[in-house]
Amino acid sequence: MRSLFILISVLSILTVCQAFIPSPSKQITTSLSSNEDVVLFSDDDQETQNLQKNKRWKNLSPAVKARIIKEGQDRAIRNKKKREPSADKKRRLMMQYKTAMVENKRRSRVERPFPTNSPMRANLKDIEVGEMYNGTVISLTDFGAYVDIGTECDGLLHVSQITRDRFVDHPRQVLAPGDEVDVRVVNTSPKLKKMQLSMLPKEVLEEEDEDEEEFEERIALEDLAADDELWGEIKRVTAFGAYVELGCVAQGWLHFMDHPEFEYGKEPSDFMKVGDRIRCWVVNVEEDRERLRITATRPKDLPGPKREFRMRDDSYY
């Protein structure tokens, strides 16, 4: 009896252990009921999915495959850029900026009427100052434009010599590479290979020359000090103020907010006109840069006229 009891106990233990040992079919099952098992996961399922993916990939057209590969490469590059150090990112962006600047400069080049070394080009010494010539805008800069009029070098058309009708902050507001313009030769230097051009009418240029001759002995900037009183004439009105002729070696700059008639909402051209005479005071002098800033509003720290007021008892204070 004792042997039979031991045998039954061993068989019971083996039965319980067998229930917890996975089957060799590599499948995990769950019992929904006493008569039905459902497979949740199998190693064969993964192999089947891989085969299906490979089969779909083989059936794709070469163009679709190339596009998928390209998208994956671009995604990998973007992820790499996100992880790159800030110094490398700054260096990369700077190189992109320089490349874009070179490309813009290359695109802005204009085909000339004939090559620069062509024998058809005239010498600077044969160009008559004051005559009008038809030219082609070659390039633009912050301070003006270079125009080809068929000579051995391009002429400089300064931004201040384009028009007097409105303020031109940059030549691209009026001109573009490739435009044909009529310009007047103002000055030439065959030795230095330089030429100055202008688009202003002849009357305006003659008036400016008369102003230069009128003040043969101009006031030096070193002789001026802050709060000095001067009288001048407005010569050019811009979007931020006006240039005033004061008889000095440099014209004075008058900001529109320093004008006594300034009001918020008004444009400088509404209360500042070319030819107006104006009383002004020196604000700042920059001798090294030949700049002179003035104001048309009397400085508050200047001593004013003394006034006497009579009291009722005929006394003064």
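This text follows the structure it describes.
Only a predicted model underlies this, so the values are computations on that prediction, with no experimental measurement involved.

About the thresholds
- Residues numbered from 1 in each chain as written.
- Predicted model: local features only at pLDDT ≥ 70, side-chain atom pairs only at ≥ 80, totals over all residues.
- Heavy atoms only, no water.
- 1 Å grid on protein atoms, 1.4 Å probe; cavity = no way out; pocket = protein on both sides within 12 Å on 5 of 7 lines; lining within 4 Å.
- Points joined across faces, edges and corners; volume = space filled by probe spheres on them.
- Helix = DSSP H or I, 4+ residues; strand = E, 2+ residues; numbered from the N terminus.
- Nonpolar A, V, L, I, M, F, W, Y, C, P; charged D, E, K, R; others polar.
- Pairing = 2+ DSSP bridges.
- Axes fitted to C-alpha atoms, helices over the stretch in contact; angles between N-to-C directions.
- Patch = residues over 30% accessible without salt bridge, like charges linked within 9 Å, V, L, I, M, F, W, Y side chains within 5 Å.
- Areas by Shrake-Rupley, 256 points an atom, 1.4 Å probe, with all protein chains shown as cover.
- Salt bridge = Lys/Arg side-chain N within 4 Å of Asp/Glu carboxyl O.
- Buried < 20%, exposed > 50% of the residue type's maximum accessible area, 1.4 Å probe, protein only.
- Polar contact = N/O pair within 3.5 Å; in protein donor to acceptor, adjacent residues only side chain to side chain.
- Contact = heavy atoms within 4.5 Å.

**Q** Sorry if this is basic, but what is going on with the layout of surface pockets here?
**A** Within this model, the largest pocket holds a volume of roughly 1,400 Å³. Residue lining of the largest pocket: 45 residues in total, with Arg164, Lys235, Arg236, Tyr243 and Gln251 positioned closest to the centre. Of all elements in the fold, only helix H5 (202-214), strand S8 (229-237), strand S9 (241-245), strand S10 (252-255), helix H6 (268-271), strand S11 (277-286) and strand S12 (291-295) reach the threshold of two or more residues within the lining of the largest pocket. A total of seven residues in the lining of the largest pocket trace back to one element, the largest contributor, which is H5. Class assignment for the residues of the lining of the largest pocket results in 17 nonpolar, ten polar and 18 charged.

**Q** For this particular structure, what's the right way to read the sheet that holds strand S5 (residues 155-158)?
**A** Sheet strands pair via backbone hydrogen bonds, and the direction of the pair is either parallel or antiparallel. Strand order in the closed barrel formed by five strands is S3-S4-S5-S7-S6, and the pairing between neighbours is mixed. Sheet twist, expressed as the average angle between the axes of neighbouring strands with direction ignored, equals 50 degrees. Alignment of strand S3 (residues 132-140) against strand S4 (residues 144-148), held across four bridges, turns out to be antiparallel. Looking at the pairing, Thr136 lines up with Asp148 of S4.

**Q** Even after reading the chapter, I still don't get the sheet that holds S10, so can you show me in this structure?
**A** Spatially, the five strands close up into a barrel ordered S8-S9-S10-S12-S11, and their pairing is mixed. On average, adjacent strands in this sheet sit at an angle of 50 degrees to one another, irrespective of strand direction. Relative to S10, S9 is paired through four bridges, and the arrangement is antiparallel. Residue Tyr243 lies in a different strand from S10, and its bridge partner there is Trp253.

**Q** How do you make sense of a nonpolar patch on the surface when you look at a structure like this?
**A** Together, Trp57, Leu60, Ile68 and Ile69 line one region of the surface with nonpolar side chains, adding up to about 320 Å² of accessible area. Within the secondary structure layout, Ile69 lies in helix H3 (residues 62-83). When its relative accessible area of 43% is taken as the criterion, Ile69 is described as partly exposed.

**Q** Is there a simple way to explain the side chain of Asp148 in this structure?
**A** With respect to the helices and strands, the residue Asp148 is situated in strand S4. Of note is the side chain of Asp148, whose polar atom sits 2.9 Å from the backbone nitrogen of Gly150. For Asp148, the contacting residues outside a window of four places in its chain are Arg112, Pro113, Arg121, Asn134, Gly135, Thr136, Ile138 and Asp154.

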